[in-house]
Amino acid sequence: MMDRNLLKKAIQVWGKNAQLLMVLEEMSELQKEILKHINRGKDNLAEIIDETADVEIMLTQLKYIFDIEKSVEDRIPQKLEKIRVRLEG
Ligand SMILES: [Mg+2]
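Notes on the structure follow. Here the structure is a predicted model, which is why all the values come from computation and not from measurement. (Residues numbered from 1 in each chain as written. Predicted model: local features only at pLDDT ≥ 70, side-chain atom pairs only at ≥ 80, totals over all residues.)

**Structural notes on helix H3 (residues 45–66)**
End to end, H3 covers 31 Å across 22 residues, agreeing with the expected 32 Å (1.5 Å per residue, within 8%). Looking at H3, one finds that the buried residues are Glu51, Met58 and Gln61. In an axial view of H3, the angular spread of the buried residues amounts to 80°, which keeps them on one side of the axis. When the buried face of H3 is taken as reference, the exposed residues oriented beyond 90 degrees from it are Leu45, Ile49 and Ala53. Where the residues of H3 are buried, they touch helix H1 (4–14) and helix H2 (16–39). Remark: Asp67 follows H3 within two positions and exhibits a positive phi of approximately 55°. (Helix = DSSP H or I, 4+ residues; strand = E, 2+ residues; numbered from the N terminus. Expected span 1.5 Å × (residues − 1). Buried ≥ 20, exposed ≤ 12 C-beta atoms within 10 Å, placed from the backbone. Arc of directions from axis to C-beta. Contact = placed C-beta atoms within 7 Å.)

Listed below in structure tokens is the structure:
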């Protein structure tokens, strides 16, 4: 679903630091939409969808940049277990 080669090319062409800054920029755009939704009761589902897609694309690039795809994948079950314990004891 994510075009790996395209995203690797983006990192090559624009550089790691530029793409890492883009991670922050896209996260901040998503934050802004979430805050609008909560604080102003804005009907901005389309924007939330858009910014969530941007963040997912940038998080995928972040994982390529640090070569941590497998490590992140491996951490997820442990994180989920922590949530499970908090919810269910
Ligand atoms: Mg965006």
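**Some thoughts on the packing of H2 against H3**
Across the interface, H2 lies against H3 with an axial gap of 9 Å and an inter-helix angle of 150°. If you check the angle between H2 and H3, you find them roughly antiparallel. Of the two elements, H2 crosses H3, and the hand of that crossing is left-handed. Between H2 and H3, the residues in contact are Lys16, Gln19, Leu20, Met22, Val23, Glu26, Met27, Glu29, Leu30, Glu33 and His37 and Glu47, Ile48, Glu51, Thr52, Asp54, Val55, Met58, Leu59, Gln61, Leu62 and Ile65, respectively. Taken together, the residues of the contact of H2 with H3 break down into 11 nonpolar, 4 polar and 7 charged. (Axes fitted to C-alpha atoms, helices over the stretch in contact; angles between N-to-C directions. Parallel < 35°, antiparallel > 145°, perpendicular 65-115°, else oblique. Left-handed = near helix turned anticlockwise from the far one by under 90°. Nonpolar A, V, L, I, M, F, W, Y, C, P; charged D, E, K, R; others polar.)

**Quick word on the packing of H1 against H3**
Two elements in contact, H1 and H3, have axes separated by 10 Å at closest approach and are oriented at 65°. Put simply, H1 runs roughly perpendicular to H3. Viewed along their axes, H1 and H3 form a crossing whose handedness is right-handed. In this structure, H1 contributes Leu7, Lys8, Ala10 and Ile11 to the contact, and H3 contributes Thr60, Gln61, Tyr64 and Ile65. For the contact of H1 with H3, the class distribution of residues is 5 nonpolar, 2 polar and 1 charged.

**Notes on helix H4 (residues 69–88)**
Spanning 20 residues, H4 covers 29 Å between terminal C-alpha atoms, matching the ideal 28 Å at 1.5 Å per step. Taken as a whole, H4 carries its principal kink of about 25° at Ile76; the proline Pro77 stands between one and four residues after it. The element H4 is barely covered by neighbouring structure, given that only 0 of its 20 residues are classed as buried. Residue Gly89 follows H4 closely and has a positive phi angle near 75°. (Bend = angle between axes of the 7 residues up to and from the residue.)

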